[in-house]
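Breakdown of the fold
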2 protein chains.
Amino acid sequence: MAGDYPQEKFVNASLQPGSYWERWQSVARNVTIPIQLDLLRKTGRYDAFNLKHIPYYDKPPSIWPVPDHLFWESDVAKWIEGACYHLQNNPDAEIQSHVEYLVDLIEKAQQPDGYLNIHFVANEPEKRWSSLRDLHELYNFGHLIEAALAYHAQTGSDKLNKVMLRFVDYCCTVFGTEAGKLAGYPGHPEVELALLRLYRRTAHADCLRLATYFLTERGRNGGQYYNDEQARRGEHPHTIPSMMPKPYSFWYMQAHKPIAEQDTIEGHSVRAMYLLTAVQDLVVSPDSTRFTTEHQVKELAAAARTLWNSMVRTKMYVTGGIGSIKQWEGFGIPYSLPISTDEGGCYTETCAGIGLLMLADRLLHEKLDVNVADVAERVLFNSSITTGMSVNGKSFTYVNQLASSHEEPCQRFDWFECACCPPNVMRTFGCLQGYFFGTLVARPSDLAIHQIFAGNIDYLGNRVQIQTDYPLDGSVKLKVDKIAPSATIWLRIPGWAQSDYQFSGDAKFTNGYLAITQPGDFQLQLNLTPRILHSHPDVGPSRITLAYGPLIYCIEDVDNAWINELPDREQHFKHLCVQLPSDAMQIRVNKPDEAGIIKLTLPKAGYTLKVQDEDGFASAFEQNRQPGYYEQQGQGRDLVFVPYYYRCNRAETLGRMRTSLRVKAL
Amino acid sequence: MAGDYPQEKFVNASLQPGSYWERWQSVARNVTIPIQLDLLRKTGRYDAFNLKHIPYYDKPPSIWPVPDHLFWESDVAKWIEGACYHLQNNPDAEIQSHVEYLVDLIEKAQQPDGYLNIHFVANEPEKRWSSLRDLHELYNFGHLIEAALAYHAQTGSDKLNKVMLRFVDYCCTVFGTEAGKLAGYPGHPEVELALLRLYRRTAHADCLRLATYFLTERGRNGGQYYNDEQARRGEHPHTIPSMMPKPYSFWYMQAHKPIAEQDTIEGHSVRAMYLLTAVQDLVVSPDSTRFTTEHQVKELAAAARTLWNSMVRTKMYVTGGIGSIKQWEGFGIPYSLPISTDEGGCYTETCAGIGLLMLADRLLHEKLDVNVADVAERVLFNSSITTGMSVNGKSFTYVNQLASSHEEPCQRFDWFECACCPPNVMRTFGCLQGYFFGTLVARPSDLAIHQIFAGNIDYLGNRVQIQTDYPLDGSVKLKVDKIAPSATIWLRIPGWAQSDYQFSGDAKFTNGYLAITQPGDFQLQLNLTPRILHSHPDVGPSRITLAYGPLIYCIEDVDNAWINELPDREQHFKHLCVQLPSDAMQIRVNKPDEAGIIKLTLPKAGYTLKVQDEDGFASAFEQNRQPGYYEQQGQGRDLVFVPYYYRCNRAETLGRMRTSLRVKAL
């Protein structure tokens, strides 16, 4: 079981053909992989490891000092990685040939000393490692390692792993606190989590040494390393990229203090998730103390939980999305969670959701915690892969706002100049089932089933078959064929379902999980009745959100044609108020439509707040009469909701959508 | 009547001894002037015009690239200016001697070519004009001009005016679009409004020429001048001060496009107000087209109104405060008006309120507009001078949040490193009554009384006596002794009072003003009954604010001792909910206390919302049960309110205060 990594354990489970998740996975395999391959070719990425200079490289950076092609390695690497996962059980000679071509090219691109990078070799060889803060060499390295591991697992060939180990050895001569080395660490974490996985696979000590060094050195003296390297570049300390909020604001990359001393989640959300995934992976590693002290590991373990709680309790959207601020693609202050551009932003990057899944997996490996698994479920269904990719596998989101606005309608795109998200979604679908289950560090024969899905698991001597139409239906058949000696199979009951579920067997309920200790056939029934979620009182305007099982719902123009009759700026449901039913049971659950989508209807519940003409206000902050005037009197409009992830999946949409709505005052 | 400037016309009115405003003015004169003189001496400002280098100048800037002493000229200038206003009717030999000393020192500090600046002459003579964006030479120049004008008016001596005219002549050789000149304009506007006033006083054409140039050149090609000068400094364009939100974000100083093309109010709020004051002063100038086209002036006039409306309708707090964002001391997006640090900020700088008064005065000079005068009233009583200075004249605010928080309790200070606000308040009190009345460009014999106050006006052949205890009482006696031939005296009825007032005479009511055309004794009765102001539906959480006449009220710890029994973080009234009375009449208006403060009481109206433990939330954005659980059942607590400006004026306060409160759900 090596590291119990999703990227590895996924081969121990399969998704049932035609089931909810299998449909997504097969679309990603059959549609997305070839499309993205095509995009890699069209954009120049495919051949970039030949290290030849191309005119594109001379383009001035859209965001100084980051050349637009700086992440190309990671785009290619994520594609290789994802393709290898998908190929593992679904051979495809053509895709395989492209994987082999790219792997060969990467191998050849390695420099004699072990260094590997497109931009710096092809364009600025003298500037290698000149800006760890901004220039992403180590980030790219991390993604190359993940590609190598996937390639190795799929093909059995360790040639790419060997390339990576040479790069590791070279990095060990470059980085460290010893004289003559750079006492730095990457601006964008990623290599740390990859190094820890490479260590588990190869037992090459330098991988662990380097990862431990990066994690323990990070943030020393408030991120002074970044000041030092900037001085070496001859730059003024106030010379910063546009996404850095201020000079010296190293909290942007979680380097404002040592990780162990950080107690609130801050900065760029993807960086934070990738970093904490590595932290937590070091914590659960059997060799965690090989290159540092037990005390340090305990502090890191405490920090990982503290920062998780800071995030989930005070900085997470109802979709599970994280990161409200566009400028630094990351976290704002606690409880400040605007839902759209015209409210002040809402970012919740697709990659951040994927990073959060990785982190949750590492936390659940240490101990069962239904709250962690609940968040993972929320993210799986509403703020990472399903939200980030269209159901046809062809278009993507980078930003996932909870509401559209005149300034920023809801849209999906084929690709992005900074293309981190689309291949990240694809690779995550490739090993998807690996996120659904795992084992426990302290009980390495146990099987924990964190997420309900239709399929089979055969892991560590435990064998289980699951049949269900979840999330469309709450009925789950569980066939436990085999349990390893003295092992327990843990089955999570989602937090939202705990007050109303039935389980046919004898199983102790502990910490949100049912403990199954005997083989047999079991039946689990979850109550999916729609729920009305209320915003936390400290989160700006009071609003409600509809949920159905694990799905968060939104209202979209396609199903609510009346919105087109309102003035243009009102067509984003901004002033729509819901007359709440006295009982959530009155929310109508429609039969799945031809696309398999269950819509929810709130009959006659929609009223549009009449906002006085701007002239009617002495100031934005004041009106002399009480709000609560609605455009229409009498019966409200029927409101029809679809799952949030499903927004912007139908050609008819004009990009108008809202997830959380005002409540109609009496 | 020259320019009908508050700084000049104030001599045509007097405040009634012992009245509300006279008490403030005399405290500013008797207490604040000597205290601030003392501070000028203690901090080194008093002698800085001797241009000797002192060790303080070698201190690295707190905020690069702005040396901490960069604004010293303006601090001294505002003190001279304010002292001269106060001295005008209240001679004081000692204060006068300090004024003379400083004036002499400034005169001697002028360089042979006309240049005048402490920092650049004493420290970096070779860097003169090297950064108009950040280094404030022209800002300081503007304040020196205002000091010169005040000194001239008070003493009759034009020696400081002459210094300024020499500086103007020199600037005309430096700035302009002609070859060999700098096609720049100041990062912080101020000199423009001062130049226009200097022109009115002296008729020196170059003053108007230079001001017109600055106003019409500003923002050309998106502020390209600032890029050009940065390149000349050898700096990278991404080298920016911390308060600039991003590289190239010249909207910070309203230079992202020509003023005539700006249609939303953006950036640093003080800069915006000083700039628009100058724009509007050019608009109302009889010589507005002397150095530009009529078309351009019309465009500027339209922009001034558009930007005013953008500000008042979408970016102004209920106190009249402007500027929600701390980083750039300025405006955020429309309707984004957090009220405290823990909500995301709230700045509403004292100087911005003063700038807004100046702008309102210029707009009212063009035409009567009760909405503009209403905003000016709101600002006078709640977000500039009275809020910015303690009632004893000894301590000040820079930032005026609407609510305190654990992170930022409500406080007042003697002085600030960047000391713009305290002397700005003092100088504004010096010419205060000049903001209360004026005339109209198109009817230059008319007298418009914009603000109700106790005192006399004798202006342009019109003579009026006003007796009132306003704002403590709504009764106003108006004795019109004389009206100029075919003139009208306009008396504003505040917008909030228009639905319920009595006036004893025959007077047509037009556009919010009563038109008085015959002398006589009149009686005006305004209804001050407390009002409940509701926040605009687009402004985050729904909240109410109490008002009494022109005063906005807040709740403070001193009067509500029960708050001390709540947990520490709850002591900022954050979760206090008000049970609104069915009728605002039920708000108890207490008799003035010994300090002359009328408190308002909402009996048994206060309930503290019980916020679930953080553990109770799956995420910040969600709770499964409806909010609305209150700590105590049954009777609520009595809530006692004081005027917002009065906060933090009693020794007993622990700095806990809130202006706008939640409403208790049923």
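Residues numbered from 1 in each chain as written. Chains lettered and ligands numbered in written order. Predicted model: local features only at pLDDT ≥ 70, side-chain atom pairs only at ≥ 80, totals over all residues. Heavy atoms only, no water.

**Some words on helix α6 (residues 137-155) of chain A**
Think of an α-helix as 3.6 residues a turn; residues three or four steps apart then line up on the same face. Residues and elements named next belong to chain A. Using the following cut-off: Numbering of helices and strands runs from the N terminus, with a helix taken as a DSSP run of H or I at least four residues long and a strand as a DSSP run of E at least two residues long. Residue count minus one, scaled by 1.5 Å, sets the expected span of a helix. Only protein chains enter the accessibility calculation, which uses a 1.4 Å probe; a residue whose area is less than 20% of its type maximum is buried, one above 50% is exposed, and one in between is partly exposed.
Taking 1.5 Å of rise per residue, 19 residues should cover 27 Å, and α6 covers 26 Å from first to last C-alpha, within 8% of that figure. Of all 19 residues in α6, 16 are buried; the element is thus mostly enclosed. Phi for Gly156, located one or two positions after α6, is positive at around 80°.

**What about the confidence of the model for chain A?**
Applicable threshold: Values of pLDDT, ranging from 0 to 100, describe the predictor's confidence in every residue of the model.
Put simply, chain A has an average pLDDT of 95, and 96% of its residues get 70 or more. Scoring the predicted complex yields pTM 0.96 and, for the interface, ipTM 0.94.

**A look at the sheet that holds strand β4 (residues 455-459) of chain B**
All names here are of chain B. Just so we agree on the cut-off: Pairs of strands are assigned from DSSP output, requiring at least two bridges between the strands. The axes used here are C-alpha line fits, helices contributing only the stretch in contact, and every angle between their N-to-C directions lies in the interval 0 to 180 degrees.
Read from one edge of the open sheet, six strands run β1-β4-β5-β6-β11-β8, paired in antiparallel fashion. Looking at strand neighbours, the two that pair on one side only are β1 (13-15) and β8 (501-503), the edges of this open sheet. Along the sheet, successive strands turn relative to each other by an average axial angle of 15°, direction set aside. Two strands pair when backbone bridges link them, and strand β6 (residues 475-482) and strand β11 (residues 520-526) are joined in this way by six bridges, in the antiparallel orientation.

**So, the pattern of salt bridges**
Under the convention used in this document: A pairing counts as a salt bridge when a side-chain nitrogen of Lys or Arg comes within 4 Å of a carboxyl oxygen of Asp or Glu.
Per the stated rule, a full pass over the model turns up 72 salt bridges over all chains. Here Arg133 of chain A and Asp134 of chain A are joined by a salt bridge, their closest N and O atoms 2.8 Å apart. This pair shows no difference in class: Arg133 of chain A is buried, exactly as Asp134 of chain A is. Of the charged contacts, one joins Asp538 of chain A and Arg662 of chain B as a salt bridge, the two residues approaching to 3.3 Å between their closest N and O atoms. A residue pair is termed interchain when its members come from two chains, as with Asp538 of chain A in the loop between β12 (531-534) and β13 (544-548) and Arg662 of chain B in strand β20 (residues 662-663). Residue class for Arg662 of chain B comes out buried when judged on its relative accessible area of 19%. Connected through salt bridges with shared partners, the residues Asp4, Lys9, Asp281, Asp361 and Arg362 of chain A form a single ionic network.

**Things to note about the sheet that holds strand β4 (residues 455-459) of chain A**
All names here are of chain A. Taken in spatial order, the six strands make up an open sheet running β1-β4-β5-β6-β11-β8, and their pairing is antiparallel. The open sheet has two free edges, formed respectively by β1 (13-15) and β8 (501-503), since each of these has just one partner strand. Going from strand to strand, the sheet's axes swing by 15° on average, the running direction of each strand aside. Of the strand pairs in this sheet, strand β5 (residues 462-468) and strand β6 (residues 475-482) are connected by six bridges, and their pairing is antiparallel. Looking at β6, one finds that Ile466 is bridged to Leu478.

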